[in-house]
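A closer look at the structure
Each chain, letter by letter, is given below.
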Amino acid sequence: MTLRVLVTNDDGIAAPGIQELARAAVRRGLDVVVAAPQEEMSGTGAAMTAVERDGHVVVHQQSLPGLPDVPAYAVSGSPGFITLIGLHGAFGPAPTVVLSGINRGANAGRAVLHSGTVGAAFTAGANGCRALAVSLDVLNAGDATPGSGGAAVAAAAMVRDAERHWSTAARVALDLLPRLTALPIEDILNVNVPDRPYDRLRGVRRGSLASFGQVQMTVAEAGHGFVRTSLEEPGEALPPGSDLALLADGYASVTAIRAITEVIDVPL
């Protein structure tokens, strides 16, 4: 039976990562539909936001480069919202698997809570659909300078998109599909891949969640009527075996995450 796959992201439907992921999925013989934000929706987590016009969510069908036979939809909504309506048949038959990415920049450590890419996968897992989030590590903490906020990081990420190794991340993600389909349906896989040719990967390893992300937001300045934020390096050693440590060593990292679970061993 051919897997029905919904490909989404938070960088927007025009991002190179989602198009490479969709092309790779088609080459594997999967039944692919693409639905992603019309504009970038990074950092939205699993938010349920959308733009309505006359009581209807705005959706535009379009064609993507190299994917003439793949239906693709640009949606004025967050990745989590797009995933949820996709599971309810908004873009044709409901998917069996959601592939979210390829994100521009790693989604690692506990910062995955805030990622729209991972948020889409969380939404799928919480609603009975297997899901995998995949990101390409195109940034390093040095790209974020005090006072830059997020703008400098985003600008640095987009400078050389054509040179990025999106195909490496797509290959790693799709090679993990048999593992994903063997997991409990509520468990998602979060995959981070170094930006290098596939034959230069040191391998794929299971990584634990680091206690922080690549960068951390701080308040640089607060004044009357405004707050200015900045992104800084955590300044802590990378825990051995963590997703960030594996990336730094040239490995692709894969982490199994269960989105929403009840804690039953806490006395109340």
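A quick note: this is a predicted structure, and the numbers were derived from the prediction, not measured. (Residues numbered from 1 in each chain as written. Predicted model: local features only at pLDDT ≥ 70, side-chain atom pairs only at ≥ 80, totals over all residues. Heavy atoms only, no water.)

Quick notes on the overall build of the chain
Helix and strand counts for the chain stand at 7 helices and 13 strands. Across the 268 residues of the chain, 49% fall into the buried class. Of the contacts formed within the chain by residues at least 6 apart in sequence, a portion of 77% connects residues at least 24 apart. Roughly 12700 Å² of accessible area belongs to the chain as shown, and the carbon and sulfur atoms make up 52% of that amount. (Helix = DSSP H or I, 4+ residues; strand = E, 2+ residues; numbered from the N terminus. Buried < 20%, exposed > 50% of the residue type's maximum accessible area, 1.4 Å probe, protein only. Contact = heavy atoms within 4.5 Å. Areas by Shrake-Rupley, 256 points an atom, 1.4 Å probe, with all protein chains shown as cover.)

Side note on the nonpolar core
Counting 39 residues, the largest nonpolar core has Val-34, Leu-99, Leu-132, Val-134 and Val-193 as the members making the most contacts within it. Per element, the largest residue contribution to this core is 6 residues, and it comes from helix 5 (residues 166-175). When residues no more than four places from it in sequence are discounted, the contact partners of Leu-99 are Val-5, Leu-6, Val-7, Thr-8, Leu-21, Leu-132, Leu-174 and Leu-177. Residues Val-98, Val-112, Ala-121 and Ala-124 belong to the second largest nonpolar core, which totals 19 residues. (Core = buried A, V, L, I, M, F, W, Y, C linked by side-chain atoms within 4.5 Å.)

Quick notes on a nonpolar patch on the surface
On the surface, a nonpolar cluster with roughly 380 Å² of combined accessible area is contributed by Val-263, Val-266 and Leu-268. Checked against the element boundaries, Val-263 lands in the segment after strand 13 (252-258). Under the relative-accessibility criterion, Val-263 is labelled exposed at 54%. (Patch = residues over 30% accessible without salt bridge, like charges linked within 9 Å, V, L, I, M, F, W, Y side chains within 5 Å. Salt bridge = Lys/Arg side-chain N within 4 Å of Asp/Glu carboxyl O.)

Let's talk about the sheet that holds strand 8 (residues 130-137)
Spatial ordering of the open sheet is given by 5-6-2-1-7-8-9-13-10, a layout of 9 strands whose pairing is mixed. Unpaired on one side and paired on the other, strand 5 (59-64) and strand 10 (204-206) mark the two borders of the sheet. Averaged over all adjacent pairs, the angle separating strand axes in this sheet is 25 degrees, with direction ignored. Alignment of strand 10 against strand 13, held across 3 bridges, turns out to be parallel. Residue pairing across strands places Arg-206 opposite Val-254, the latter belonging to strand 13. (Pairing = 2+ DSSP bridges. Axes fitted to C-alpha atoms, helices over the stretch in contact; angles between N-to-C directions.)

Some details on the pattern of salt bridges
In the structure shown here, the tally under the stated rule is 8 salt bridges. As a salt-bridge pair, Asp-195 and Arg-164 come within 3.2 Å of each other at their nearest N and O atoms. Residue Asp-195 is found in the loop between strand 9 (187-194) and strand 10, and its partner Arg-164 is found in the loop between helix 4 (151-158) and helix 5; the two are separated by 31 residues along the sequence. We classify Arg-164 as buried; its relative accessible area is 10%. Each of Glu-20, Arg-23 and Arg-27 takes part in salt bridges that share partners, so that together they form one network.

Re the packing of aromatic side chains
Under the criterion given, the structure shown has 1 aromatic pair. Taken together, a centroid distance of 5.1 Å and an interplanar angle of 35 degrees make the contact between Tyr-73 and Phe-91 tilted. You can see Tyr-73 sitting in strand 6 (residues 67-75) and its partner Phe-91 sitting in the loop between helix 2 (79-87) and strand 7 (97-104), a full 18 residues away along the chain. Given the relative accessible area of 15%, Tyr-73 is considered buried. With a relative accessible area of 7%, Phe-91 lands in the buried category. It is Arg-171 that lies over the ring of Tyr-198; its NZ or CZ is 3.6 Å from the centre. (Phe/Tyr/Trp six-rings, centres within 6.5 Å; stacked < 30°, edge-to-face > 60°. Lys NZ or Arg CZ within 6 Å of the ring centre and 35° of its normal.)

Some points on unusual backbone geometry
That bond from Gly-101 to Ile-102 is cis: its omega, 0 degrees, falls within 30 degrees of zero. Positive phi outside glycine occurs at Asp-54, with the angle close to 55 degrees. On the secondary structure map, Asp-54 appears in the loop between strand 3 (52-53) and strand 4 (56-57). Taking the relative accessible area as the measure of exposure, Asp-54 reaches 72% and is therefore exposed.

Looking at the pairing of strand 1 (residues 4-8)
In regular strands, side chains alternate between the two faces of the sheet. Most of strand 1 is tucked away, with 5 of its 5 residues classed as buried. What you see with strand 1 is no split at all: Arg-4, Leu-6 and Thr-8 on one side and Val-5 and Val-7 on the other are buried throughout. Two strands pair when backbone bridges link them, and strand 1 and strand 2 (residues 31-37) are joined in this way by 4 bridges, in the parallel orientation. Bridge pairing links Val-7 to Val-34 in strand 2. Read from strand 1 through helix 1 (residues 16-27) to strand 2, the crossover connection turns out right-handed. Where strand 1 lies against strand 7, 4 bridges are found, and the strand directions are parallel. Each residue of the ladder has a partner; that of Thr-8, found in strand 7, is Ser-100. (Right-handed = clockwise from strand over helix to strand, strands pointing away.)

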